[in-house]
Amino acid sequence: MSRVSRRSFVGASALIGTAAVAPPALARGAGEETRPVVVGPGSPQYADLARGVNQRWIGTPDWIALPRTTAQVVAAVQHAVDTGRRVAVRGGGHCFEDFVAGSGIRTVIDLSAMNAVGHDARRGAVEVWAGARLGEVNEQLFKRWGVALPGGSCPTVGVGGHISGGGYGPLNRTLGLTVDHLHAVEVVVVGSDGTARAVVASRDDRGALGDLWWAHTGGGGGTFGIVTRYWLRSPGASGSDPRRALPAPPAEQLVATVVWPWQDLHQESFVNLLKNYSAWHVAHNAPGDPEADLYSHLAVFHRSGGAVALNVQLSTAHGDPDRRLDAFLAALGRGVTAPSRTVERHRLPWLMATQWSGFADRPGGKRIKGKSAYHRTAFDDAQAGALHRHLTRADYDHPGSGLLIAPYGGRVNAVGPHETALAHRDSALMLMYVSEWTAAAEDDRHVGFLRELYEDVYAATGGAPAPGRSTAGAYVNYADTDLKDPRRNRSGMSWQELYFGANHARLRRAKARWDPRDEFRHALSVRAAGRGER
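Residues numbered from 1 in each chain as written. Predicted model: local features only at pLDDT ≥ 70, side-chain atom pairs only at ≥ 80, totals over all residues. Heavy atoms only, no water.

Residues Thr-107 and Ile-109 of strand β4 (residues 107–110) are buried on one face, and the alternating residues Val-108 and Asp-110, pointing to the opposite face, are buried as well. Sheet analysis places strand β2 (residues 63–66) next to β4, joined by 3 bridges and oriented parallel. Bridging across to β4, Trp-63 finds its partner in Thr-107. The pairing of strand β3 (residues 87–90) with β4 spans 4 bridges and is classified as parallel. Bridging across to β4, Arg-90 finds its partner in Asp-110. (Buried < 20%, exposed > 50% of the residue type's maximum accessible area, 1.4 Å probe, protein only. Helix = DSSP H or I, 4+ residues; strand = E, 2+ residues; numbered from the N terminus. Pairing = 2+ DSSP bridges.)

Here's what the structure looks like:
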């Protein structure tokens, strides 16, 4: 554990400034490199740094700090606390909601300059700073040591929020979630006396420190403090060799894109395609299943986009990969009279496969609304029928609205639901409902469509994927404030139950211990017992 005294913040805070509108420019000279870069409304960088990827939300903070060290994060947080400014943290900036750009946020800590990846020999772990992005992490881990973290497929997503929310990706069925490899985390917290400090909590800790580590294995970002770095080491790994700290990825992947033109997909074929895809993953959901190294995205968007698309990858190390892919496609095609077309099919070395356009989405310049659902079973007729009904609507013709269906399960489900804060450990599928558009004037149209689609698919459980036989809740990293609205979520289950399940009680205890003043909060952050929404 590290702590800096309150007195030491006086000089550091003065560098940031106390002006309500724009902080003074940093003095140039020998000490410049020890000071955080600070951007105010008058700075040329402000317009870019006041927003993330989602253009629905543009903030108006008094200032934005770009620290390069943990001490600078502590100083920036302390100044925000001392001056009564609400603070938020930004990593990759991919949040679906206004958690960082809301009107009440007066201070933003942008971690993009804290993006180093290294090795900590003392801990025997890989050290990843919280401003690093998944593409950078993939490249550094593999090029330097031949290892991988089972993170997401979008290379511009920041690891800070991705890991703390329980990040998943194309290797999750064989290697589990990112949090299954989290050894320790450094967090800047604020005590009851208003003092900011940096704390390190590890998998080996017990008591309050153990709770802090555990809270960052699926409790979501921006709730307990500001993560500055992670140490990653797989359970059972030993020694100080970074090549053994994390698992090695497959050396080569077979990748393919297959499409079904919407003009040929009548309702029966569409329903059969969805049921076949989901049923295959339910059948191959167990840890250690021989097909666990096959991962895919089924992109099911409005018919105005032209086609339903399947992007798939599998390791070439086991059996005959081409035969296995053919068998998978044949299983998906049973009862589907619409002809499929293979757009591409070839082999790529692993690192290049992480950059393949079939998975490596790079969203930018769009307004975005997102929702999520975990599925335990295959789609039923009512769910698939609702999807077909909305995705073929004649009164709506936007190709950027629909859902992306991805496999879950496999090694993910080998971990107990209480071992990490992420409770969803028995699902077969992860669904991301999303709409992306450009014009602000179309907000109501596209948000309204996505709400109608989602609530119709889950009509049997009150418009939300309530935990039960078929569905298992929602994913906190695909933030959706609609789940707080009783007009939208009529399931009888709170948004906390949907996101955290039975783990919510322990998360509340961690919140009370590590953020007793509720300095770190947003619309879907954990609240300590006795604290209402604000």
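Attention now goes to helix α7 (residues 207–215). Considered for burial, the residues of α7 that qualify are Gly-210, Asp-211, Leu-212, Trp-213, Trp-214 and Ala-215. Its buried side turned inward, α7 meets α5 (159–164), β7 (182–190), β8 (196–202) and α14 (504–514). (Contact = heavy atoms within 4.5 Å.)

Let us now look at the sheet that holds β3. The mixed open sheet is built from 4 strands, whose spatial order is β1-β2-β4-β3. Of all strands in the sheet, those with a lone pairing partner are β1 (37–39) and β3, marking the two edges. Adjacent strand axes in the sheet meet at a mean angle of 25°, parallel and antiparallel pairs treated alike. Against the sheet, helix α3 (residues 70–82) makes contact with β2, β3 and β4, and its axis sits at roughly 160° relative to β2, the strand it touches most. (Axes fitted to C-alpha atoms, helices over the stretch in contact; angles between N-to-C directions.)

Quick look at the environment of Leu-49 now. Topologically, Leu-49 is positioned in helix α2 (residues 46–49). Here the alpha-carbon distance between Leu-49 and Ala-113, two residues 64 residues apart in the chain, equals 12 Å. The contacts of Leu-49, once residues within four sequence positions are left out, are Val-39, Ile-64, Leu-66, Arg-90 and Asp-110.

Before going further, it helps to examine the pattern of salt bridges. Throughout the structure, instances matching the rule amount to 35 salt bridges. Between Arg-123 and Asp-120 there is a salt bridge, with its nearest N and O atoms 3.9 Å apart. This pair shows no difference in class: Arg-123 is buried, exactly as Asp-120 is. Salt-bridge contacts for Asp-381 lead to Lys-275; the nearest nitrogen and oxygen are separated by 2.7 Å. Of this pair, Asp-381 sits in helix α11 (residues 381–391) while Lys-275 sits in helix α8 (residues 267–283), placing them 106 residues apart in sequence. Here the salt bridges do not stand alone but share partners, grouping Glu-97, Lys-369, Lys-371, Arg-451, Asp-480 and Asp-482 into one network. (Salt bridge = Lys/Arg side-chain N within 4 Å of Asp/Glu carboxyl O.)

Turning to its location among the elements, Ile-226 is positioned in strand β9 (residues 226–232). Expressed as a C-alpha distance, the spacing of Ile-226 and Phe-520, which sit 294 residues apart in the sequence, is 8.1 Å. Beyond its immediate chain neighbours, meaning those up to four positions away, Ile-226 contacts Val-73, Val-77, Val-89, Ile-109, Leu-111, Glu-186, Val-187, Val-188 and Phe-520.

Moving on: the packing of aromatic side chains. Scanning all chains against the criterion turns up 19 aromatic pairs. A ring pair is formed by Tyr-454 and Tyr-458, whose centres lie 5.1 Å apart and whose planes are at 70°; its orientation type is edge-to-face. Classification of Tyr-458 as buried rests on a relative accessible area of 1%. Positioned above the aromatic ring of Tyr-454 is the side chain of Lys-371, whose terminal nitrogen or guanidinium carbon lies 4.8 Å from the ring centre. Its guanidinium or amino end placed over the ring of Trp-514, Arg-513 lies 4.2 Å from that ring's centre, counting from NZ or CZ. (Phe/Tyr/Trp six-rings, centres within 6.5 Å; stacked < 30°, edge-to-face > 60°. Lys NZ or Arg CZ within 6 Å of the ring centre and 35° of its normal.)

Next up on the list: empty space enclosed by the protein. Leftover empty space is mapped by rolling, across the atoms, a probe with the size of a water molecule. In this structure the tally under the stated criterion is 1 cavity of 30 Å³ or more. Taken as a whole, the largest cavity holds about 170 Å³ of empty space. What lines the largest cavity is a set of 17 residues, among which Asn-138, Gly-152, Pro-170, Trp-350 and Thr-354 lie closest to the centre. (1 Å grid on protein atoms, 1.4 Å probe; cavity = no way out; pocket = protein on both sides within 12 Å on 5 of 7 lines; lining within 4 Å. Points joined across faces, edges and corners; volume = space filled by probe spheres on them.)

This part is about the sheet that holds strand β10 (residues 252–261). Strand order across the open sheet formed by 7 strands is β13-β10-β12-β11-β15-β16-β14, with antiparallel pairing between neighbours. Strands at the two margins of the open sheet, each flanked by one partner only, are β13 (341–349) and β14 (367–375). Strand-to-strand twist of the sheet, defined as the mean angle between neighbouring strand axes without regard to direction, takes the value 15°. Bridge analysis of strand β15 (residues 401–407) against strand β16 (residues 429–437) gives 7 bridges, and the strand direction is antiparallel. Its bridge partner lying in β16, Leu-404 is registered against Met-432.

So, on to the side chain of His-424. Following the sequence through the fold, His-424 ends up in the loop between β15 and β16. Residue classification places His-424 among the buried positions, given a relative accessible area of 5%. Of note is the side chain of His-424, whose polar atom sits 3.3 Å from the backbone oxygen of Ala-472. Non-local contacts of His-424, meaning those with residues more than four positions away in its chain, are made with Tyr-374, Tyr-408, Val-412, Ala-472, Gly-473, Ala-474, Leu-498 and Tyr-499. (Polar contact = N/O pair within 3.5 Å; in protein donor to acceptor, adjacent residues only side chain to side chain.)

Here we come to the side chain of His-398. Checked against the element boundaries, His-398 lands in the loop between α11 and β15. For His-398, a relative accessible area of 16% puts it in the buried group. Discounting residues that sit within four places of it in the chain, His-398 has contacts with His-302, Ser-304, Ser-435, Glu-436, Trp-437, Arg-445 and His-446.

Before going further, it helps to examine the nonpolar core. As a rule of thumb, soluble globular proteins bury nonpolar side chains together. Counting residues in hydrophobic clusters, the biggest one holds 137 residues, and the most contacted among them are Trp-260, Phe-270, Phe-328, Leu-387 and Tyr-433. Counting 10 residues, the second largest nonpolar core, distinct from the first, contains Leu-49, Ala-50, Ile-64 and Val-100. (Core = buried A, V, L, I, M, F, W, Y, C linked by side-chain atoms within 4.5 Å.)

Interaxial distance between α8 and α11 falls to 9 Å at its minimum, and their mutual angle equals 125°. With respect to α11, the element α8 is oriented oblique. Relative to α11, α8 is oriented so that their crossing is right-handed. Touching Gln-267, Phe-270, Val-271, Leu-274 and Lys-275 of α8 are Asp-381, Ala-384, Gly-385, Leu-387, His-388 and Leu-391, all from α11. Of the residues assigned to the contact of α8 with α11, the class counts are 6 nonpolar, 3 polar and 2 charged. (Parallel < 35°, antiparallel > 145°, perpendicular 65-115°, else oblique. Left-handed = near helix turned anticlockwise from the far one by under 90°. Nonpolar A, V, L, I, M, F, W, Y, C, P; charged D, E, K, R; others polar.)

So, to be careful, I would describe these as geometric facts and stop short of saying anything about function.
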